[in-house]
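# Breakdown of the fold
Letter by letter, the chains look like this.
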2 protein chains.
Amino acid sequence: MNSHVVDFQPIGRRGECPADEPLIECARELGVTLVNVCGGVGTCGRCQVVVLEGELSEVTSRERKNLTAEQLAQGRRLACQAYLRSDCRLLVPPESLTTPQRTQVEGHEIPVRLDPLVRQVTLELAPPSLGSGEGGEDLRDDETRVLEGLRVQHEVVAERIDIDVLRVLSPRLRAQDWRLRVALRDGEVIHAGAPSGPLLGLAVDLGTTKIAGYLVDLESGETLATEGIMNPQIAYGEDVVGRATRAQRSPEDAARMQELVTEALNGLAASLCEAVGVTPDEIVSAVVVGNTAMHHLFLGLPVRQLIRSPYVPAVRDGVEVKARDAQLDLAPGAGVYLLPNVAGYVGADHVAMLLATETARARGVVLAIDIGTNTEVCLANQGRLTSTSCASGPAFEGAHIEYGMRAARGAIEYLRLSEAEAGYRCHYQTISDAPPVGLCGSGVLDALAEIRRLGIVDRTGRMQEGPGVRAVNGEREFVLVGEEESGLDTAITITQKDVRELQLAKGAMRAGIQLLLEAQGLSEERIDEVVIAGAFGSYINVESAVAIGMLPDLPPERFRQVGNAAGVGAKLALLSREKRREAETLARNTGYLELSTTTEFRRRFAEAMGL
Amino acid sequence: MNSHVVDFQPIGRRGECPADEPLIECARELGVTLVNVCGGVGTCGRCQVVVLEGELSEVTSRERKNLTAEQLAQGRRLACQAYLRSDCRLLVPPESLTTPQRTQVEGHEIPVRLDPLVRQVTLELAPPSLGSGEGGEDLRDDETRVLEGLRVQHEVVAERIDIDVLRVLSPRLRAQDWRLRVALRDGEVIHAGAPSGPLLGLAVDLGTTKIAGYLVDLESGETLATEGIMNPQIAYGEDVVGRATRAQRSPEDAARMQELVTEALNGLAASLCEAVGVTPDEIVSAVVVGNTAMHHLFLGLPVRQLIRSPYVPAVRDGVEVKARDAQLDLAPGAGVYLLPNVAGYVGADHVAMLLATETARARGVVLAIDIGTNTEVCLANQGRLTSTSCASGPAFEGAHIEYGMRAARGAIEYLRLSEAEAGYRCHYQTISDAPPVGLCGSGVLDALAEIRRLGIVDRTGRMQEGPGVRAVNGEREFVLVGEEESGLDTAITITQKDVRELQLAKGAMRAGIQLLLEAQGLSEERIDEVVIAGAFGSYINVESAVAIGMLPDLPPERFRQVGNAAGVGAKLALLSREKRREAETLARNTGYLELSTTTEFRRRFAEAMGL
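Numbering of residues begins from 1 in every chain and follows the order in which that chain's sequence is written. Each chain takes a letter, starting from A, and each ligand takes a number, starting from 1, following the order in which they are written. Side-chain atom pairs in this predicted model are given and counted only at pLDDT of 80 or more, local residue features only at pLDDT of at least 70, and totals for whole chains, interfaces and linings cover all residues.

The subject of this paragraph is the overall build of chain A. Under the DSSP-based scheme used, a helix requires at least four consecutive residues in state H or I and a strand at least two consecutive residues in state E, with every element numbered from the N terminus. The number of helices and strands found in chain A is 17 helices and 27 strands. The C-alpha radius of gyration computed for chain A amounts to 27 Å, which stays within 12% of the reference 25 Å derived for 611 residues, consistent with globular compactness. With respect to the three principal axes, the spread of C-alpha positions in chain A is 100 × 70 × 50 Å. When burial is assessed residue by residue, chain A has 54% of its 611 residues classed as buried. Residues are treated as contacting if the C-beta atoms built from their backbones sit within 7 Å of each other. For chain A, the proportion of contacts with a sequence separation of at least 24, taken over those separated by at least 6, is 69%. Radius of gyration: over C-alpha atoms. The globule rule applied is 2.2 Å multiplied by the number of residues raised to the 0.38 power. Three exposure classes are used, all based on how many other C-beta atoms lie within 10 Å of a residue's own C-beta (placed from the backbone): buried at 20 or more, exposed at 12 or fewer, and partly exposed between those limits.

The partner chain B presents 35 residues to the 35 residues of chain A that form the contact. Within the residue set of the side of chain A that touches chain B, elements represented by two or more residues are helix 4 (142-154), helix 5 (163-175), helix 9 (304-307) and strand 14 (319-322) of chain A. Of the residues forming the side of chain A that touches chain B, the biggest block, six residues, is contributed by helix 5 of chain A. Here the nonpolar group is Ala, Val, Leu, Ile, Met, Phe, Trp, Tyr, Cys and Pro; Asp, Glu, Lys and Arg are the charged ones; every other residue, Gly included, is treated as polar. Here the residues of the side of chain A that touches chain B sort into 19 nonpolar, seven polar and nine charged.

The transformation that overlays chain A on chain B combines an axial shift of 0.0 Å with a rotation of 180°, and the residual RMSD is 0.1 Å. Taken together, the turn and the small shift mark the pair as related by a two-fold rotation axis. Within chain A, the C-alpha atom positioned nearest to the axis of rotation is that of A:Asp325, 4.5 Å from it. Interface overlap between copies: 100% of the residues of chain A at the interface are likewise at the interface in chain B, consistent with a symmetric, same-surface contact. We superpose the copies by least squares over the C-alpha atoms of residues that have a pLDDT of at least 70 in both of them.

Residue and element names in this part refer to chain B. Axis lines are fitted through C-alpha atoms, for helices just across the contact stretch, and the angle between N-to-C directions can take any value from 0 to 180 degrees. Relative orientation of the contacting elements helix 12 (residues 496-519) and helix 17 (residues 600-608) amounts to 125°, with a least axis distance of 8 Å. On the basis of the axis angle, helix 12 is oblique to helix 17. In the crossing of helix 12 with helix 17, the sense of the turn from one axis to the other is right-handed. For the pair helix 12 and helix 17, contact is made by Gly507, Ala508, Arg510, Ala511, Gln514 and Leu515 and by Glu600, Phe601, Arg604, Phe605 and Ala608, respectively. For the contact of helix 12 with helix 17, the per-class residue count stands at six nonpolar, two polar and three charged. By the definition adopted for this analysis, an angle is roughly parallel if under 35 degrees, roughly antiparallel if over 145, roughly perpendicular if from 65 to 115, and oblique otherwise. Working rule for handedness: look at the near helix, and if it is turned counterclockwise from the far one by less than a right angle, call the crossing left-handed; if clockwise, right-handed.

This next bit is on the domain arrangement of chain A. All names here are of chain A. Domain boundaries in chain A define domain 1 (3-97), domain 2 (119-193), domain 3 (360-390 + 504-608) and domain 4 (395-502). Each of domain 1 and domain 4 has a C-alpha centre, and these two points are 29 Å apart. At the junction of the two partners, domain 1 supplies six residues and domain 4 supplies five residues. Here the residues of the side of domain 1 that touches domain 4 sort into four nonpolar, one polar and one charged. Domain extents, as shown, originate in an automatic or database domain assignment.

The next subject is the sheet that holds strand 28 (residues 559-563) of chain B. Residue and element names in this part refer to chain B. At least two bridges found by DSSP between two strands are what make those strands a pair. Here we have six strands laid out as an open sheet, ordered 28-27-18-19-20-29, and mixed in their pairing. Each edge of the sheet is formed by a strand with only one pairing partner; in this case those strands are strand 28 and strand 29 (591-592). In the sheet, strand 20 (residues 384-390) pairs with strand 29 via two bridges, with the strands oriented parallel. Bridge pairing links serine 387 to tyrosine 592 in strand 29. Relative to strand 18 (residues 365-370), helix 10 (residues 348-357) is tilted by about 135°, and along the sheet it contacts strand 18, strand 19 (375-381), strand 20, strand 27 (529-533) and strand 28. Those strands touched by helix 12 are strand 18, strand 19 and strand 20, and its axis lies near 150° from that of strand 20.

Bringing the confidence of the model for chain A into the picture now. Here chain A averages 92 in pLDDT, while 97% of its residues score no lower than 70. Taken over the whole predicted complex, pTM reads 0.84, whereas the ipTM for its chain interfaces reads 0.84. A residue's pLDDT is the predictor's confidence in that residue, given on a scale from 0 to 100.

Residues and elements named next belong to chain B. Residues Phe601, Arg604, Phe605 and Ala608 constitute the buried set of helix 17. The buried residues of helix 17 all sit within an arc of 100° when viewed along its axis, so they share a single face. Turned more than 90 degrees away from the buried face of helix 17, the exposed residues are Arg602, Arg603 and Ala606. Tucked into the core, helix 17 has its buried residues touching helix 12. In this context, the arc is that of the directions from the helix axis out to the C-beta atoms.

Our focus in this paragraph is the nonpolar core. A set of buried Ala, Val, Leu, Ile, Met, Phe, Trp, Tyr and Cys residues, joined to one another through C-beta atoms within 7 Å, is what we call a nonpolar core. Residues A:Ala286 and B:Ala286 are the most contacted members of the largest nonpolar core, which totals 388 residues. What A:Ala286 contacts, discounting residues up to four positions off in sequence, is A:Gly201, A:Leu202, A:Val204, A:Ala323, A:Leu328, A:Leu330, A:Ala334 and A:Val336.

By secondary structure assignment, the location of A:Ala314 is in the loop between helix 9 and strand 14. Judged by the 27 C-beta atoms lying within 10 Å of it, A:Ala314 is buried.

Moving on, we come to the pairing of strand 23 (residues 475-481) of chain A. Within a regular strand, side chains alternate between the sheet's two faces. All names here are of chain A. Here strand 23 lies mainly inside the structure; five of its seven residues are buried. Two elements, strand 22 (residues 469-472) and strand 23, share four bridges in a ladder whose sense is antiparallel. Its bridge partner lying in strand 23, alanine 471 is registered against arginine 476. Here strand 22 folds back onto strand 23 in antiparallel fashion, the turn holding two residues, of which asparagine 473 has a positive phi close to 50°. Of the strand pairs in this sheet, strand 23 and strand 24 (residues 492-495) are connected by four bridges, and their pairing is antiparallel. Each residue of the ladder has a partner; that of glutamate 477, found in strand 24, is threonine 495.

Following this line, the structure appears as structure tokens:
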């Protein structure tokens, strides 16, 4: 039997595969786990790949059913249906990968002209001399020697050396035999390192629940390492208001929260650096984005005015500080830039998302949504932006849900119900194909959509008596996975209370969307594109989100899931001065709709809770 | 008996005194203690005052003997000889005051056009509003509100607010009912305080042995408080080489020394502020001067290259850092400026002294000497400056001298010997008129001059047998104050070893002076003026210093004692941008003569040790 070479991008797994194996099997053998809810029979449509080069087998009827004509024309295929006909290069979109294979930090990248704030050059200097040697007397101090070297050897006019660089410069010059690599920013030397090495930057998306870090080569623009960790402040409250309230009541708690997050970022930087064999003191520039509360708590800014009407931030414009003034252990003179905020509850992460999705440049009507513990929504109407914030809560991240869990081993990430003899059968994909132990956010959303589709809950969210529904302590719940199949010693269910939590969360989001549209005199049908950002938003089944009324009922092709766009925005601000300026302009030009002052909000919210 | 009102300046003591009491008694009654070595008989010439206004009794023959015609023409008189004839205003030069009355930090001030780097304005702002009130919606963040207030209310364009100010701004705005006083520097808000208060600066002369601090009102130029303290680093070595060597060998010692001095400066700032009822967080600007070792140890800069040939500083140009980066607890965004250094052993304190004495502007040949544990000497030849440094050691400060002591209660500060029946009689002035317990620097110098004048030591410094000289453990010593008169249970003596220590100290200084002159082809007689700076230099009897060959043998009127000129220079750099620029130019344009490479040095040094 003949075989072909297949190359899965952007993961970069490559190997030889037999021509009589479906692609989904080839992928598995090469360590690429694709989502597979239907068991490979071509009904769930989740194992999509895009052909970049080479030829695959003919499109099957199952593929025609699950993919639009446009998707097929773009080379999109189902990996369970297609076979190799030649050597192939295939792109695996993040939404086709099971959770552990996505780093939860990836986002759709956009091209950017490299123009970082920091550059580096290498110097070879003459040592000082009393004049007995050949060079004559040269008693210049070390700082002058370096600054003059920059001018003479590189025509770079630098005016000063950061004090923390000065503190290490003299012994380093002598240890390195007067050869030095210096990083420069705006006329200041901010790092003095070994004669050769990369110019590194750190981008951070500081979420309420998760923190994503990216180590970036500032000269090539390449992302060298990515990593996601939990925000350790979670012990002080799951949502922003909880944490900010703690911080406002107790300066000690505020200080401890600041310490926790800076320690976490220092650990993240160290871990990212370790992955590529460098140390954090080589990082010369950092960009951090987060919502206003995360932004304020990280910088040690007061939050009282943020959580009390009229909810104003201490600072809106971008903030640039020395890394040391934010307790970050990077290169001695490194700076940290925090993107600007828009308003009290629309922060720098939102601006970063807008930057990465280029929402302000889009024609027509675009809705950009970053779903998280706090959900920010931006409506772009012919380039005019208005944003708002909805307190969607942590339900989408698995919290406050009976069998909710984080996206870890054994979590059901995708789920379908089919009618069976004795009630319903549940088809699902778990993380790492392990026995199911709970539901992560996307699984919860699928579960709600399915029990609504099958009438197990009605439009008001009330669970009906019937097959699979049982009462525990007077409360109804629907059994998704029976005790015998579950990886727990109990069944996995979705409860009436879970349904109510999800209705509150999605209702807040939908009401926000509707009020933004109404303020512009637009109806939902006028939306040309819905951009869904954020880790959770990237994994959800958009059809499920539409089915439960979380998102407007628009044709599937109008939705675009872009992954962690806030992280991508942070990287852009790291790589380009122009993008940084663009972010400042974006923040200033984005209008803000305060929902709490809109009398319409309560009514809309109540309506939007329906399923 | 009639009486008149007398006003002693600059101390500011004023009161009514009878016309039949000599001025020295009037002064004492008003709490002004003038130096009185001869017991008020007009022979020591130390109790000089200058008439500013009013009429005194006729000049006596004793005054004619002790004062030059020029001094008399300037209104200089001896307080033990003169009486009031009308209400008078008198100036008491520092050298006429006993030590406790001089703060040890005073210096001759020069006029300066006020142009400090920091200014302050007061804002009255409107609070943010959701729009229900009269002002309409105004959800600007606190930073923008302040920056726009500056622009609109004061036409001041500020671009940013220091991060540490942002950390306190929001609650302060609300606590002060939106009234705020802000201090600005170069487009940055560096302090946000109570609606009214002074704009304060701190000047520090960071000496090897002593630290002098000045609290200055930046808007009036007035010095509000002054204080001198000991440098606590002294536990790590008495001289700069000792301390720098410790720092180079042990990073822990270096860190501890830095900590000691920054703690001392924070304590000094707190004490100065307490004296005028303010707190150090109101200090918006600081200037620190010190020799290169003190400069480097304070900033935490490496010192290895400073104490090894070819002895180069880590940095020569002025260094400006945030106070927090130098561990100083001042206003949140305050800066600390360290004046530039000239070379490895000619530091910022020397530059400050040159700035305060305006040596570079003088015509002719001027020698400016700052005597301390390290003595820096600058030769100005028609405005062209060359400096050098001599390791004079701590002998002049009372260290390594058998009965040497700091200028504290009971220290003999001035001394004369007269021949008496049974040998010699010692006339002296002690600090606080207490029984003598030792000799401070100026007393030591007087003692050496007197025993040389009377032939008790010969030209080589060898002590002769004779009256008053005794041998203790095989070493000769001269008894200055007998056991019965002394405040100790022993006699106070000057030993052969003391004489040798002083010869080494003064020899190094004189050799430096001679080599500087020779490098310019000048002889000592060509010197038009000798400016003597530094606390010690201000208290010494110049005649004694000339007598022992420490200073060139020139007419008395060519000497000018200017007090702590380094401290005055620090104040100038605090009050004037122009003076700061002048200091940078001075440092760059001052040549440096390295004595250790001069083969002449050893010979000159050996010669200059003679008395």
